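# Residue-level structure breakdown
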Amino acid sequence: MVTEPNILADDVDAMTPGPYFMRDESRYVPTAVARGGWGPTMSGHVVGGILAAVLDGTVDDADLQPARLTVDLPAPAALEPFEVHTKVQHERRRLRLVEALLIQRGEPVARASALFLRRGSQPDGKVWSQTPQMPRLPVELDGDQPTLFLRTYGWGGDLQNPDPEWDMTGPKYTWLHETRPLIDDEPLTPFARAALCADVTAAIANWGTKALEFINVDYTLTLSRLPEGPHIGLAALTHYSDDGVANGSAVVLDHLGPIGSAVSVSIAHSGFRPPSDLPSV
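Let me begin by describing the structure that accompanies this report. (Residues numbered from 1 in each chain as written. Predicted model: local features only at pLDDT ≥ 70, side-chain atom pairs only at ≥ 80, totals over all residues. Heavy atoms only, no water.)

We now examine the side chain of Arg96. Position of Arg96 relative to the elements: it lies in strand β5 (residues 95-104). Using a relative accessible area of 10% as the deciding quantity, one classes Arg96 as buried. The contacts of Arg96, once residues within four sequence positions are left out, are Thr58, Val59, Asp60, Leu64, Val88, His90, Glu91, Ala114, Leu115 and Phe116. (Helix = DSSP H or I, 4+ residues; strand = E, 2+ residues; numbered from the N terminus. Buried < 20%, exposed > 50% of the residue type's maximum accessible area, 1.4 Å probe, protein only. Contact = heavy atoms within 4.5 Å.)

Structure (structure tokens):
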């Protein structure tokens, strides 16, 4: 098998936030900012984001709500061109289940499945659910320093823009505002925006006294509705780990309140280092 060269797209406008990926006919080409914090590979959040965006594009029925996205990351995704192949697994009157594979060098390195459910009338009655108390929604003057992946406003840990009014030793909370296009200059869809943020569940759920020592191997995002506005909030809910195997969960919110939840499964791994040589725009 012929090995493809390590090609990165470099025609990104230096004056505006550049995209994570560029289109090249049937392929996608990652830019330098698609790199993650575990080495010279793509970040799990952009892998999930591109898979969600492609899955979203397979559904042309406005009444179908993306209700669940599961992203599996069994192998590192290289900073090289790739294709995404999709397949409808099940289609019925009230649901559609679609799978996507990220293919590099002829082999799948990541996969996702999305379940779309048909919207309908809301039942009467109330069902109990815990609502987290989030920090204030950030204003535009906050978070003017670039972060590893997204414009991040962090509370509850040694993250960007800690709020002195919040307990830094307890559960972690964050508001995320993705300022980059995912593909070329195309606007982010609400589903893709939520998917990009869901991977951060592993960081806030697993962040401990020695920072981040677990690497994400999969995550699942559930949505009761699509997010409104540019900010996605995450409130860490649980963390359980033993013998190097961890799982963690978070509530997912927009500025109106909770919209779903996210769960990540991780394995013990050291060496998380935010890239220091990435462009800041």
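On we go from here.
This part takes up the packing of helix α1 (residues 44-57) against helix α2 (residues 190-198). It is the contact of α1 with α2, at a shortest axis distance of 8 Å, that shows an interaxial angle of 155°. Put simply, α1 runs roughly antiparallel to α2. The crossing of α1 and α2 is right-handed. Listed contacts from α2 to His45, Val46, Gly48, Gly49, Ala52, Ala53 and Asp56 of α1 are Phe191, Ala192, Ala195 and Leu196. Grouping the constituent residues of the contact of α1 with α2 by class yields seven nonpolar, three polar and one charged. (Axes fitted to C-alpha atoms, helices over the stretch in contact; angles between N-to-C directions. Parallel < 35°, antiparallel > 145°, perpendicular 65-115°, else oblique. Left-handed = near helix turned anticlockwise from the far one by under 90°. Nonpolar A, V, L, I, M, F, W, Y, C, P; charged D, E, K, R; others polar.)

Before going further, it helps to spend a moment on the pattern of salt bridges. Applying the stated criterion to the full structure yields seven salt bridges. Two residues, Arg105 and Glu80, come together in a salt bridge whose shortest N-O distance is 2.3 Å. Taken together, the residues Arg105 in the loop between β5 and β6 (107-118) and Glu80 in the loop between β3 (64-72) and β4 (83-91) connect sequence positions 25 residues apart. Given a relative accessible area of 37%, Arg105 falls into the partly exposed group. Two residues, Arg225 and Asp254, come together in a salt bridge whose shortest N-O distance is 2.7 Å. In this pair, Arg225 sits in the loop between β9 (214-223) and β10 (231-242) while Asp254 sits in strand β11 (residues 245-254), placing the two residues 29 residues apart along the sequence. Residue Asp254 is classed as buried on the basis of its relative accessible area of 2%. (Salt bridge = Lys/Arg side-chain N within 4 Å of Asp/Glu carboxyl O.)

What follows is about the packing of aromatic side chains. Per the counting criterion, the structure on display carries three aromatic pairs. Arranged with centres 6.1 Å apart and planes meeting at 70°, the rings of Phe116 and Phe191 form a pair that is edge-to-face. Taken together, the positions of Phe116 in strand β6 and Phe191 in helix α2 put the pair 75 residues apart, joining distant regions of the chain. Accessibility expressed as a relative area gives 2% for Phe191, which makes it buried. Aromatic rings pair up to connect Phe21, Tyr28 and Phe82 into one cluster. (Phe/Tyr/Trp six-rings, centres within 6.5 Å; stacked < 30°, edge-to-face > 60°.)

Once that is clear, we can look at the nonpolar core. Phe21, Met42, Ile50, Leu51, Leu69 and Leu182 are the most contacted members of the largest nonpolar core, which has 53 residues in total. Once residues within four sequence positions are removed from consideration, Ile50 is found in contact with Phe21, Tyr28, Phe82, Leu102, Leu182 and Ile183. (Core = buried A, V, L, I, M, F, W, Y, C linked by side-chain atoms within 4.5 Å.)

Turning to the environment of Val217, a few remarks are in order. By the secondary structure assignment, Val217 is in strand β9. Here the alpha-carbon distance between Val217 and Val71, two residues 146 residues apart in the chain, equals 8.6 Å. The residues touching Val217, leaving out its near neighbours within four places in the chain, are Val71, Asp72, Leu73, Val265, Ser266 and Ile267.

Note that all results are geometric; they support no functional claim without further evidence.
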